[in-house]
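# Reading the structure
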Amino acid sequence: MNCVYENKKNILIFTGGKSPSTEKILSTLKNFKIDISSSFVICADSGLEVAQNCGIKVDFLLGDMDSIDKTLLEKIDNSVCKEVFSKDKDFSDTELAFVHAKKIPHNKIFLIGGSGGRVDHFIALLSLFRCKKEYNSIMDFPDFWLTEENLVVFCKKNSKFQIEGLQEKDNVSVFSLFEDGFFMPKIFSSGLKWNLDKVNWKKQWSLSNRICENSSFVEINVKRGNFLLILPLKDNINIY
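First things first, this report covers the structure right here in the doc. (Residues numbered from 1 in each chain as written. Predicted model: local features only at pLDDT ≥ 70, side-chain atom pairs only at ≥ 80, totals over all residues. Heavy atoms only, no water.)

Counting buried residues in helix H4 (residues 93-101) gives 9 out of 9 residues, a clear majority hidden from the surface. For H4, the complete set of buried residues consists of Asp93, Thr94, Glu95, Leu96, Ala97, Phe98, Val99, His100 and Ala101. (Buried < 20%, exposed > 50% of the residue type's maximum accessible area, 1.4 Å probe, protein only. Helix = DSSP H or I, 4+ residues; strand = E, 2+ residues; numbered from the N terminus.)

Turning our attention to the sheet that holds strand E9 (residues 171-176). Spatially, 10 strands are ordered E4-E3-E2-E1-E5-E6-E7-E13-E9-E11 in an open sheet, and the strand pairing comes out mixed. Two strands lie at the open edges of the sheet, namely strand E4 (81-84) and strand E11 (206-210), each paired on one side alone. Averaged over all adjacent pairs, the angle separating strand axes in this sheet is 20°, with direction ignored. Of the strand pairs in this sheet, strand E3 (residues 60-63) and E4 are connected by 4 bridges, and their pairing is parallel. In the sheet register, leucine 61 faces E4, and the bridge partner there is lysine 82. (Pairing = 2+ DSSP bridges. Axes fitted to C-alpha atoms, helices over the stretch in contact; angles between N-to-C directions.)

In this fold, glutamate 74 is placed in helix H3 (residues 70-75). Sequence separation of glutamate 74 and phenylalanine 154 is 80 residues, and the distance between their C-alpha atoms is 36 Å.

Our next topic: the nonpolar core. Core analysis: the biggest nonpolar cluster contains 48 residues, and Phe14, Ile220 and Ile239 have the highest contact counts within it. Counting residues in each nonpolar core, the second largest holds 27 residues, with Phe98, Leu128, Phe141 and Ile230 among its members. (Core = buried A, V, L, I, M, F, W, Y, C linked by side-chain atoms within 4.5 Å.)

What follows is the structure in structure tokens.
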């Protein structure tokens with residue numbers, strides 16, 4: 001069966017592990033103005049259960065099917081494309097989903113789920129954000145990752161973000177994604193209690209922060225390097 005890729009603006013990848021609640025998933029996608037009906041939905045193994053709980057139509061299911069509910073798998077009709085892999089493979093099911101995403105024209109990729117559980121699986125998902133994959137890998141990379149409690153934003157070189165809806169008590173964590181190179185990673189911020197402008201990212205891998213008392217929004221401006229921005233997953237957070 002051939003999957004239909006035309007007129008799909010974004011890609012949603014659902015994976016196993018712990019996921020946000022159905023309400024948080026749907027409200028976050030709504031805040032980002034994501035039209036689910038015009039998104040291509042890929043499920044990696046038991047990510048199928050998360051998508052179906054959200055009432056989201058699945059376009060493509062892949063993986064070794066070792067953790068999916070067999071009864072649910074039997075109910076999947078022929079409208080869903082499937083690709084079953086051996087358990088003895090070089091990539092995780094989630095990585096395979098990003099291999100497939102590389103083939104599809106799109107604006108943004110949202111990864112949903114995958115937090116909690118085995119630490120090695122979690123670290124493998126983090127490695128998907130290594131920006132070198134943009135240039136020489138068969139895999140694409142996620143722009144946003146919705147975990148059980150956090151929203152992870154991939155901040156590429158020359159990208160700018162304005163974030164609204166944060167409160168002073170909310171944690172804002174920044175991680176530099178180190179790559180070989182001569183230039184020091186450089187990121188500017190406004191609205192945070194501890195400014196990011198003078199951080200030596202060669203010596204300091206991450207910085208936990210929070211919004212200033214009188215700030216109504218936070219601005220992030222990446223000049224050099226690539227960063228992960230980790231925010232609480234809240235209904236009222238908007239990113240522009």
